[in-house]
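If you want the building blocks of each chain, they are given just below.
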Amino acid sequence: DGRPLPTILLAARSWSADLILVGASSRGALRRTLLGSVSDEVVRKAPCPVLVAKRHVTHLERMLVATDGSLHAEAALRFVAALPVPPTVELRVCAVSEMPVALPKAESRAATLLLLVDTEKRTAVQAVTKALDILTALSCPIQSSVRHGDAGRELADEVRRWVPDLLVLGARGRTAGSAVPLGRVTESLLRQAPCPTLVYRG
């Protein structure tokens, strides 16, 4: 009994839950934005990973894990590595090399841009490499991809093209501060992705 959000969170903490499963929306159509719903608040404040169920999945055949090399992304990967993932599941790891947002005004602008782009590319490749090392114990086939551009748009496009049955995200990326419950990319994908989405918290 009680208001949904505090009651769910109290139950999760009291029971030391490893995972909270919620529907995409407390009421109404599944296409409604998560913002303001009980599900959205649970994802933001839960002490453990939260799986938001969206469309019906009869068989888990494809899993997409997004990574940027952050501590949250690595924790999400370790969570996946500990799951009993069937050997028939196709698992794909994706990282995005983002274009720098701002550049200093100087004569060396072009050189600075090339350096920042190269750094971002190497960071994305390193994130994928580390992800593959973490997931090495799984017996399922694992693919990887590195995309270039805006992380939110590129990952959303990866979801549309690859059509996973489950999307796994860390709560926050490299650029989000500790005071931010969810990073910009996670917020965006949580709303856009049509598939069940697991957000790793904890």
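For the structure itself, consult the block above.
Residues numbered from 1 in each chain as written. Predicted model: local features only at pLDDT ≥ 70, side-chain atom pairs only at ≥ 80, totals over all residues. Heavy atoms only, no water.

Colleague: When you look at the pattern of salt bridges in this model, what are you seeing that I'm missing?
Modeller: When their charged atoms lie close together, side chains carrying opposite charge are able to pair. What the rule picks out here adds up to 16 salt bridges. Among the ionic pairs, lysine 130 bridges to glutamate 74, the shortest N-O distance being 3.3 Å. Of this pair, lysine 130 sits in helix 4 (residues 109–134) while glutamate 74 sits in helix 3 (residues 71–81), and the two are 56 residues apart along the sequence. The class for glutamate 74 is buried, based on a relative accessible area of 12%. Glutamate 154 is the salt-bridge partner of arginine 147, the closest N and O atoms lying 2.8 Å from each other. A single network of salt bridges, built from pairs that share partners, joins Arg92, Arg147, Glu154, Asp157, Glu158, Arg160 and Arg161. (Salt bridge = Lys/Arg side-chain N within 4 Å of Asp/Glu carboxyl O. Helix = DSSP H or I, 4+ residues; strand = E, 2+ residues; numbered from the N terminus. Buried < 20%, exposed > 50% of the residue type's maximum accessible area, 1.4 Å probe, protein only.)

Colleague: Which parts of the structure should I look at to understand the environment of valine 89?
Modeller: Within the secondary structure layout, valine 89 lies in the loop between helix 3 and strand 4 (90–97). We classify valine 89 as buried; its relative accessible area is 0%. Between the alpha carbons of valine 89 and histidine 59 there is a distance of 9.3 Å; along the sequence they are 30 residues apart.

Colleague: It is not clear to me how the packing of aromatic side chains should be interpreted in this structure. Could you clarify?
Modeller: Aromatic ring pairs are reported here in terms of the distance separating the ring centres and the angle at which the planes meet. Counted according to the given criterion, the structure contains one aromatic pair. Arranged with centres 5.5 Å apart and planes meeting at 55°, the rings of phenylalanine 79 and tyrosine 200 form a pair that is tilted. Residue phenylalanine 79 is located in helix 3, and its partner tyrosine 200 is located in strand 7 (residues 197–200); the two are separated by 121 residues in the primary sequence. You'll find phenylalanine 79 and tyrosine 200 in the same group, each marked buried. (Phe/Tyr/Trp six-rings, centres within 6.5 Å; stacked < 30°, edge-to-face > 60°.)

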